[in-house]
Amino acid sequence: MTRRRSHPPFRRAFTLVELLVVIGIIALLVAILLPTLAKARSASKRSVCLSNLHQIGLAIHAYANENRSCIPYGPKAPPPTATNFYPVTGTVTSLISLENGDPVGLGLLLNQYLSKTPRVLFCAEPDQDVNADEELANVGKAQAQCDYFYRHGSGGSLLAPPTTDHIKLGALGNNNDGLPIRALVMDANFIASPGLAVFHVFTRTNHKQRWVNILFADGHADGIANDSGDYTVNSVGAIYDSFGRMLKAFENADRDFK
């Protein structure tokens, strides 16, 4: 007697329509999840940026404790040139070293207070490619800048240096609007006029200009929405007022202090 060989039950394969439906569902889920993931990633980078500013705040306070309560200030601005981005001693700046390599502004913290963590001077969410290591390597050799504006003596003029009335951490005084000076460091959002390209000045912004992180004199850092553009410095058509607009951004932060 011959035993009949049993066969496994027939398994029906996916039809083309079913396969397309599955692919469509997956694509829909990806489309729903990607913006959420992007927002989560952006929020995480903003948190890193806030942490950077907090560390800068600790460094500024340590500096002040050892320098007669003064925040980092100076050195004296070099003679003006077409490529010098620090024309007046004490003006708002994102520079960390001058054309001759001397540290300036927040760069004065690098030798001691930020010597082990120099990259905190660079935002975790820049909108343009920024080579932080290259910028840091220029300190001591050439002009270099970080990703943050520093309220360097509360100066905002292209010609007239400010007084030294606003460099004592515990007594920064009032701003031009009569409000207490509170903001010291913030994300640099600078829209460069096309005419500045010849001087190697280009647009440099962070967080897609939608958000700005700010360090206040009391040491805390906070994020503020930039929906109205109050924290974006647009130099188009106002090249010579760029420093004044940087200072105004800080005064807006004094106003929005929480």
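Whatever comes next refers back to the structure up there.
Residues numbered from 1 in each chain as written. Predicted model: local features only at pLDDT ≥ 70, side-chain atom pairs only at ≥ 80, totals over all residues. Heavy atoms only, no water.

Chemist: Would you explain a positive patch on the surface in this entry?
Modeler: A cluster of like positive charges, contributed by R41, K45, K208 and R210, occupies part of the molecular surface. With respect to the helices and strands, the residue K45 is situated in helix α1 (residues 16–66). Relative accessible area serves as the criterion here: at 33%, K45 is assigned to the partly exposed category. (Patch = residues over 30% accessible without salt bridge, like charges linked within 9 Å, V, L, I, M, F, W, Y side chains within 5 Å. Areas by Shrake-Rupley, 256 points an atom, 1.4 Å probe, with all protein chains shown as cover. Salt bridge = Lys/Arg side-chain N within 4 Å of Asp/Glu carboxyl O. Lys, Arg positive; Asp, Glu negative; His and termini not counted. Charge placed at Lys NZ, Arg CZ, Asp CG, Glu CD. Helix = DSSP H or I, 4+ residues; strand = E, 2+ residues; numbered from the N terminus. Buried < 20%, exposed > 50% of the residue type's maximum accessible area, 1.4 Å probe, protein only.)

Chemist: Is there a simple way to explain the pairing of strand β1 (residues 93–97) in this structure?
Modeler: As a general feature of sheets, a regular strand has side chains that alternate between the two faces. A large share of β1 lies buried, amounting to 5 of its 5 residues. Bridge analysis of β1 against strand β2 (residues 144–150) gives 3 bridges, and the strand direction is antiparallel. Its bridge partner lying in β2, L95 is registered against Q145. (Pairing = 2+ DSSP bridges.)

Chemist: Is there a simple way to explain the sheet that holds strand β5 (residues 211–216) in this structure?
Modeler: The pairing of strands in a sheet happens through backbone hydrogen bonds and is either parallel or antiparallel. Spatially, 5 strands are ordered β1-β2-β3-β5-β6 in an open sheet, and the strand pairing comes out antiparallel. With one partner strand each, in any of the chains shown, β1 and β6 (221–225) form the two edges of the open sheet. The sheet shows a mean angle of 40 degrees between the axes of neighbouring strands, direction not considered. Contacts from helix α3 (residues 242–255) reach β2, β3 (183–187) and β5 within the one sheet, and its direction differs from that of β3 by about 110 degrees. (Axes fitted to C-alpha atoms, helices over the stretch in contact; angles between N-to-C directions. Contact = heavy atoms within 4.5 Å.)

Chemist: Where do I start with the side chain of E125 in this structure?
Modeler: Inspection of the secondary structure puts E125 in the loop between β1 and α2 (132–138). Look at E125: it is buried, it has no salt bridge, and the nearest opposite charge is K208 at 4.5 Å. Here H207 takes part through its side chain, which lies 2.6 Å from a polar atom of the side chain of E125. Excluding its chain neighbours within four sequence positions, the residues that come into contact with E125 are S42, K45, R46, N206 and H207. (Polar contact = N/O pair within 3.5 Å; in protein donor to acceptor, adjacent residues only side chain to side chain.)

Chemist: Would you take a moment to explain the state of the cysteines for this structure?
Modeler: The bond known as a disulfide is covalent and runs between the sulfur atoms of two cysteines. Taken as a whole and assessed by the stated rule, the structure comprises 0 disulfides. Cysteine C123 shares no disulfide, and the gap to the nearest cysteine sulfur, in C49, comes to 3.8 Å. On the basis of relative accessible area, C123 is assigned to the buried category, the value being 7%. Lacking any disulfide linkage, C146 is separated from the closest cysteine sulfur, that of C123, by 11 Å. (Disulfide = S-S within 2.5 Å.)

Chemist: Looking at this model, I keep getting lost on unusual backbone geometry. Mind explaining?
Modeler: The phi torsion of most residues other than glycine is negative, and most of the peptide bonds are trans. With an omega dihedral of 5 degrees, the bond running from G74 to P75 counts as a cis peptide bond. Relative to the helices and strands, P75 resides in the loop between α1 and β1. Non-glycine residue R68 carries a positive phi angle of around 55 degrees. Secondary-structure assignment places R68 in the loop between α1 and β1. Looking at R68, the relative accessible area reads 68%, which means it is exposed.

Chemist: Explain the side chain of N252 to me, please; I cannot follow it from the model alone.
Modeler: Residue placement: N252 occurs in helix α3. When sequence neighbours within four positions are dropped, the list of residues in contact with N252 reads D230 and Y231.

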